[in-house]
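# Examining the three-dimensional arrangement
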Amino acid sequence: MKKNSGLLYGFGAYALWGFIPLYWKLMPNVGAVDILFYRIIWSFVFMIIYLLITRNLPIFFKETKELLKSKRNTMAIIAAAIFISVNWGVFIYTVNSGHVQQGSLGYYINPLFNVLAAAIYLKEPLTLTAKIATLCAFAGVVLLTVQTGVFPWASIILAGSFCMYGLTKKQLQLSAVTGITLETLIIAPIGLIYLFFFSDVGFMGYDTVTNLLAMGAGVVTAIPLLLFANAVKRLSYVTLGFVQYINPTIMLFLAIFLFHEPYGLSQFIAFSFIWLGILIFIIGNLMQSKKVGRTTIRQKNN
């Protein structure tokens, strides 16, 4: 039952993330920076309302108080807020400039970035399958660069920023709700200053429909994050590894069939290398998981 509910939470989170480009496309007259800050500000408002409704505000204050006792943890949450803001901003710009494929690519290669980061920063040994998977993905990125003549910076920044966000959060003992609330709280004042004093139309200076969409950006941001937090508690790493590819796959289909972005044989071949890398990565994870399971059973029997 726990696993089934975890799958529902996981599918829900990644499906919503996959379809989120449709939402940003509804605001073509709003700049990417404006959308980013509306997303952050209204996410913070939504999280405060959520904390009040669920009566978790005392837990939020308790966890925040504990966090602030450590300078290292305080800097970590600030860094996490910056990384996720960069990720959101680049993604919004990528979608609204007509390059949803680059967004899709970023989230396809993100798990491989995580493996490399774990090897570099956490000193975790790279398995043979992880090395082969990374090389395949690298070959795909090189092919895309050669074919288009443009290095996919947006994809690399998306994968890298989300990877660093995850690494930074790893050292913090915070509930998901507290983490999301603090991250948006840290950036919200910067967003308010920008929207009031530097935005071309000022704060909420658009028509009624666009203003409502800007407010809704907080809801479409917070809900999948909350679903994801519940999925992580209920699913194994391997299962979550399968589910996470729903997001970039939906985005890729949207890019090709709905937004009609160029996608010929050359792009298919490049993406095939990336898909091959992902397949090898998943198989390697499954083999490792089974190996750990057999070892655990032997230890129990002994």
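First, a word on scope: everything that follows refers to the structure included in this document. (Residues numbered from 1 in each chain as written. Predicted model: local features only at pLDDT ≥ 70, side-chain atom pairs only at ≥ 80, totals over all residues. Heavy atoms only, no water.)

## Looking at the side chain of Thr-178
The residue Thr-178 is located in helix H8 (residues 176-197) in this model. Residue Thr-178 is classed as buried on the basis of its relative accessible area, which comes to 2%. Only 2.5 Å separates the side chain of Thr-178 from the side chain of Glu-63, close enough to count as a polar contact. Side chain to side chain, Thr-178 and Ser-175 meet in a polar contact 3.0 Å long. With near-sequence residues (within four places) excluded, Thr-178 lies in contact with Ile-59, Phe-60, Glu-63 and Thr-64. (Helix = DSSP H or I, 4+ residues; strand = E, 2+ residues; numbered from the N terminus. Buried < 20%, exposed > 50% of the residue type's maximum accessible area, 1.4 Å probe, protein only. Polar contact = N/O pair within 3.5 Å; in protein donor to acceptor, adjacent residues only side chain to side chain. Contact = heavy atoms within 4.5 Å.)

## Digging into a nonpolar patch on the surface
A cluster of nonpolar side chains, namely Met-75, Ile-78, Ile-82, Val-86, Phe-151, Trp-153 and Ile-157, defines an oily patch on the protein surface of about 630 Å² accessible area. Counting only elements with at least two residues in the nonpolar patch, the list comes to helix H4 (71-96) and helix H7 (153-170). Broken down by element, the nonpolar patch gets its largest block of residues, four residues, from H4. With respect to the helices and strands, the residue Trp-153 is situated in helix H7. (Patch = residues over 30% accessible without salt bridge, like charges linked within 9 Å, V, L, I, M, F, W, Y side chains within 5 Å. Areas by Shrake-Rupley, 256 points an atom, 1.4 Å probe, with all protein chains shown as cover. Salt bridge = Lys/Arg side-chain N within 4 Å of Asp/Glu carboxyl O.)

## Digging into the environment of Thr-221
Relative to the helices and strands, Thr-221 resides in helix H9 (residues 208-234). For Thr-221 and Ser-43, which are 178 residues apart along the polypeptide, the C-alpha to C-alpha distance reads 6.5 Å. Leave out the neighbours within four places in its chain, and Thr-221 touches Trp-24, Arg-39, Ser-43 and Trp-88. For Thr-221, the side chain forms a polar contact with the side chain of Arg-39, separated by 2.6 Å.

## Remarks on the packing of helix H2 (residues 32-53) against H8
Two measures define how a pair of helices packs: the angle their axes make with one another and the distance between the axes. Between H2 and H8, the least distance of the axes is 8 Å, while the angle of their chain directions is 135°. By the angle class used here, H2 and H8 are oblique. Crossing geometry of H2 relative to H8 is assigned as left-handed. Facing Val-33, Asp-34, Phe-37, Tyr-38, Ile-40, Ile-41, Ser-43, Phe-44, Met-47, Ile-48, Tyr-50 and Leu-51 of H2, the residues of H8 in contact are Val-177, Ile-180, Thr-181, Thr-184, Leu-185, Ile-187, Ala-188, Ile-190, Gly-191, Leu-192, Tyr-194 and Leu-195. (Axes fitted to C-alpha atoms, helices over the stretch in contact; angles between N-to-C directions. Parallel < 35°, antiparallel > 145°, perpendicular 65-115°, else oblique. Left-handed = near helix turned anticlockwise from the far one by under 90°.)

## Considerations on the nonpolar core
Membership of the largest hydrophobic core comes to 56 residues, with the highest contact counts inside it found for Trp-24, Met-27, Tyr-38, Ile-40 and Phe-91. Ranked by residue count, the leading element in this core is H4, at ten residues. Beyond its immediate stretch of four places on either side in the chain, Tyr-38 contacts Ser-43, Leu-195, Gly-202, Phe-203, Met-204, Gly-205, Tyr-206 and Ala-214. In terms of nonpolar packing, the next biggest core, distinct from the first, is built from 21 residues, Leu-144, Tyr-245, Leu-252 and Ile-274 among them. (Core = buried A, V, L, I, M, F, W, Y, C linked by side-chain atoms within 4.5 Å.)

## Regarding the side chain of Gln-244
Along the polypeptide, Gln-244 turns up in the loop between helix H10 (237-243) and helix H11 (246-258). Beyond its immediate sequence surroundings of up to four residues, Gln-244 is in contact with Tyr-14 and Pro-111.

## Things to note about H9
Here H9 contains 27 residues, and its C-alpha end-to-end distance of 40 Å stays within 8% of the 39 Å for a straight helix at 1.5 Å per residue. Of all the bends in H9, the greatest measures close to 30° and is centred on Met-215. Capping the start of H9 is the job of one residue whose side-chain oxygen sits 3.2 Å from the backbone nitrogen of Val-209: Asp-207. (Expected span 1.5 Å × (residues − 1). Bend = angle between axes of the 7 residues up to and from the residue.)

## Section: the packing of aromatic side chains
Summed over the entire model, instances satisfying the criterion amount to 20 aromatic pairs. Counting every residue linked through ring pairs, the aromatic cluster contains Tyr-108, Tyr-245, Tyr-263, Phe-268, Phe-271 and Trp-275. Sitting above the plane of the Phe-259 ring, Lys-25 keeps its charged end 4.7 Å from the centroid. (Phe/Tyr/Trp six-rings, centres within 6.5 Å; stacked < 30°, edge-to-face > 60°. Lys NZ or Arg CZ within 6 Å of the ring centre and 35° of its normal.)

## Remarks on H7
The terminal C-alpha atoms of H7 lie 25 Å apart, and with 18 residues this matches the ideal 26 Å at 1.5 Å per residue to within 8%. For H7, the set of buried residues is Ala-154, Ser-155, Leu-158, Ala-159, Gly-160, Ser-161, Cys-163, Tyr-165, Leu-167 and Thr-168. Looking at the packing, one finds that the buried side of H7 touches H4, helix H5 (100-121) and H8.

## What to know about unusual backbone geometry
Backbone geometry places Arg-55, a non-glycine residue, at a positive phi of 60°. Following the sequence through the fold, Arg-55 ends up in the loop between H2 and helix H3 (57-68). Its relative accessible area of 73% is what places Arg-55 among the exposed residues. The phi angle at His-260 is positive, at roughly 55°, despite the residue not being glycine. Here His-260 is to be found in the loop between H11 and helix H12 (265-301).

## Describing the pattern of salt bridges
One pass over the structure, following the stated rule, counts two salt bridges. In this structure, Glu-66 and Lys-69 form a salt bridge, with 3.0 Å as the shortest nitrogen-oxygen distance. For Glu-66, a relative accessible area of 45% translates into the label partly exposed. The exposed category is assigned to Lys-69, whose relative accessible area is 59%.

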